[in-house]
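An overview of the molecular structure
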Amino acid sequence: MEDNDEDKNKTASTIIEMLKEAGVSTHSLEEKEHKFWDTQPMAHGEKGTELPEGPVVPDKKPEEIRQEPYNMPAGFEWSTVNITNQEEKMELYTLLANNYVEDDDSLFRFDYSQEFLEWALTPPGYSNDLLLGVRASKTKKLVAFISAIPANIKVQSTDQLKVVEINFLCVHKKLRAKRLAPVLIKEITRRVNQTGVFQAVYTAGVVLPVPVASARYYHRSLNPKKLVKVGFSRLNPRMTMARMVKLYKLPDQTRSNLVPMTKDHVDGVHHLLTTYLEKNFKLHVNFTAEDVAHWLLPRDKVINTYVLADNNDGAVTDMVSYYHLPSAILGLDDTLHAAYSYYNIATSMPLEDLMRDALILANRTGSDVFNALNLMENESILEELKFGKGDGNLQYYVYNWNAPSMKPADVGIVLL
Ligand code: MYA
């Protein structure tokens with residue numbers, strides 16, 4: 001949501017950041033007790049920086065990994081989700097649509113589409129064993145979920161690290177605050193460890209021990225009338241609706257000749273993207289060409305990628321991509337259509353021009369708002385393209401890995 005009411009919306013983490021910027025010690029504020037997280041192999045507080053860069057605890061030998069699943073409370077059982085099965089996909093969709101992430105004021109809730117979930121959970125190398133659900137034993141209703149998908153990342157001076165990306169941790173609203181989440185996290189960790197992987201990357205709105213980076217969402221209004229109507233944005237006292245509409249108006253046509261990415265562009269995009277990420281960021285995925293095909297080839301209402309290819313040699317010189325993650329507008333029976341900036345690279349034009357074209361394209365296909373984190377080079381275009389600061393931080397974590405914290409501009413991973 002747009003940060004309309006500066007004071008009201010300041011989260012604890014923002015306040016801590018501001019104090020830090022002002023040179024005030026925040027150590028005691030950050031030392032919150034975490035019954036579960038304090039037992040996990042995370043670099044705790046300032047002690048972390050004294051450790052050498054690398055695993056907090058060493059890899060386990062196969063015989064050291066627990067063989068049996070962790071116990072569920074009575075009345076619940078583990079159940080993996082086959083996301084390519086229509087019925088199970090629908091079950092996961094329903095769990096998340098009713099119980100997943102909301103903003104602080106409970107005005108909006110993420111509404112990941114079924115097609116999106118299938119895309120997000122089936123990259124090369126995924127395994128059903130790591131799409132982990134919990135069902136009520138009697139009714140078989142899906143009541144909780146967590147997912148892990150494989151990736152290979154660079155983090156700081158470690159060029160290649162096999163990890164999983166953790167996402168979609170969700171516990172049904174009626175089962176909250178019963179310490180189910182720690183059991184889900186321990187069980188997914190056990191299963192991931194069994195595959196010989198001991199690190200993970202994840203993002204969360206909450207501050208836990210210990211983020212490696214802290215990013216901020218920015219929002220670019222495309223449909224200001226609707227955004228004001230549903231409470232996402234506020235009409236500034238010195239602004240009229242007519243002026244606001246004019247302020248955010250975009251041309252119908254893009255300036256550049258971007259075309260939708262096709263299979264023919266996979267190698268070109270792979271080259272452009274991997275070279276760019278390696279050169280510029282301390283934390284990024286090492287994508288294979290197969291990964292690029294999965295994550296970037298356009299899928300209707302899920303992911304759009306546009307490229308500019310050099311006429312002479314066919315090499316891809318520029319790319320822009322965004323994914324579609326609507327939110328339910330709670331209480332209004334309506335949907336907020338949001339496009340989220342993904343991976344963008346400009347070499348033949350300024351990044352600002354490329355991103356303006358992305359706004360035009362997203363606007364044309366009915367997005368109400370275009371969201372971007374202040375990661376990678378995004379900070380340089382936000383103001384000029386009229387993005388407004390959001391009210392939420394997104395924390396980045398690397399599980400069981402000690403690395404000095406980094407600025408958002410050093411982060412080259414976007415998780416869904
Ligand atoms: S982020 C999205 C998280 N999902 C939501 O926000 C959806 C709405 N909320 C819920 O469904 C529940 O509130 C959840 C907590 C499930 C979040 N990440 O069971 P509890 C800690 C990690 O009584 P509940 C995403 O998907 C909390 O600090 N831990 O609480 C990435 C406390 O621990 P401690 C979290 O509210 C997930 C404990 O849980 C989060 O019923 C990455 C309380 O448990 C959170 N977002 O359920 C997961 N929120 O006492 C970690 C709360 O210590 C992966 N908690 O403070 C780690 C790597 C694993 C793999 C490793 C492989 C090597």
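Residues numbered from 1 in each chain as written. Predicted model: local features only at pLDDT ≥ 70, side-chain atom pairs only at ≥ 80, totals over all residues. Heavy atoms only, no water.

The chain carries the name Glycylpeptide N-tetradecanoyltransferase in an unreviewed UniProt entry, which gives Cylindrotheca closterium as its organism. As its UniProt record puts it under Sequence similarities (unreviewed entry), the chain is described as follows: "Belongs to the NMT family." Quoted verbatim from the Catalytic activity (unreviewed entry) field of the UniProt record, the comment on the chain reads "N-terminal glycyl-[protein] + tetradecanoyl-CoA = N-tetradecanoylglycyl-[protein] + CoA + H(+)". (UniProt positions renumbered as here; feature names shortened; annotations may be inferred.)

Bringing unusual backbone geometry into the picture now. Backbone torsion omega between Pro209 and Val210 reads -20°, so that peptide bond is classified as cis. Phi is positive for Arg179, which is not a glycine, with a value near 60°. Inspection of the secondary structure puts Arg179 in the loop between β5 (158-171) and α6 (180-194). (Helix = DSSP H or I, 4+ residues; strand = E, 2+ residues; numbered from the N terminus.)

Another aspect to go through is the environment of Leu351. As for its placement among the helices and strands, Leu351 is situated in helix α11 (residues 351-364). Taking the relative accessible area as the measure of exposure, Leu351 reaches 14% and is therefore buried. Every residue in contact with Leu351, bar those within four places of it in the chain, is listed here: Asn344, Ala346, Glu377, Ser380 and Ile381. (Buried < 20%, exposed > 50% of the residue type's maximum accessible area, 1.4 Å probe, protein only. Contact = heavy atoms within 4.5 Å.)

Here we take up the site of the ligand. Residues in close proximity to the ligand total 33 residues, the closest being His34, Phe36, Trp37, Leu169 and Ala177. Interatomic distance of 3.3 Å between a backbone N/O atom of Phe168 and an oxygen atom of the ligand. Note that an oxygen atom of the ligand is positioned 2.8 Å from one of the backbone N or O atoms of Arg179. For the shell around the ligand, the elements supplying multiple residues, two or more each, are β5, α6 and β6 (200-204). By residue number, the principal contributor to the shell around the ligand is α6, which donates 7 residues. Counted by class, the shell around the ligand contains 22 nonpolar, 7 polar and 4 charged residues. (Near = heavy atom within 4 Å. Polar contact = N/O pair within 3.5 Å; in protein donor to acceptor, adjacent residues only side chain to side chain. Nonpolar A, V, L, I, M, F, W, Y, C, P; charged D, E, K, R; others polar.)

A few words now on the UniProt feature "domain: Glycylpeptide N-tetradecanoyltransferase N-terminal" (unreviewed entry) in the chain. In this structure's numbering, the residues bearing the UniProt feature "domain: Glycylpeptide N-tetradecanoyltransferase N-terminal" (unreviewed entry) are residues 58-214. Annotated as 24% helix and 31% strand, the span residues 58-214 places its first and last C-alpha atoms 26 Å apart.

Here His265 is to be found in the loop between β8 (259-260) and α9 (266-280). Among the residues examined, His265 registers a relative accessible area of 13% and is labelled buried. When near neighbours in sequence (up to four residues on either side) are disregarded, His265 contacts Val259, Pro260, Val307 and Val316.

Now for the side chain of Asn167. Positionally, Asn167 belongs in strand β5. Not counting residues within four places of it along the chain, the set of residues in contact with Asn167 comprises Tyr100, Ile146, Ser147 and Leu416.

Splitting the chain by domain gives domain 1 (6-213) and domain 2 (217-324 + 335-390 + 407-412). The straight-line distance from the C-alpha centre of domain 1 to that of domain 2 is 26 Å. In this assembly, 22 residues from domain 1 lie in contact with 22 residues from domain 2. Where domain 1 meets domain 2, there are 0 salt bridges. Where the side of domain 1 that touches domain 2 is concerned, the elements lending two or more residues are β2 (108-110), α5 (114-121), β4 (142-155) and β5. By residue number, the principal contributor to the side of domain 1 that touches domain 2 is β4, which donates 5 residues. (Domains from an automatic or database assignment. Salt bridge = Lys/Arg side-chain N within 4 Å of Asp/Glu carboxyl O.)

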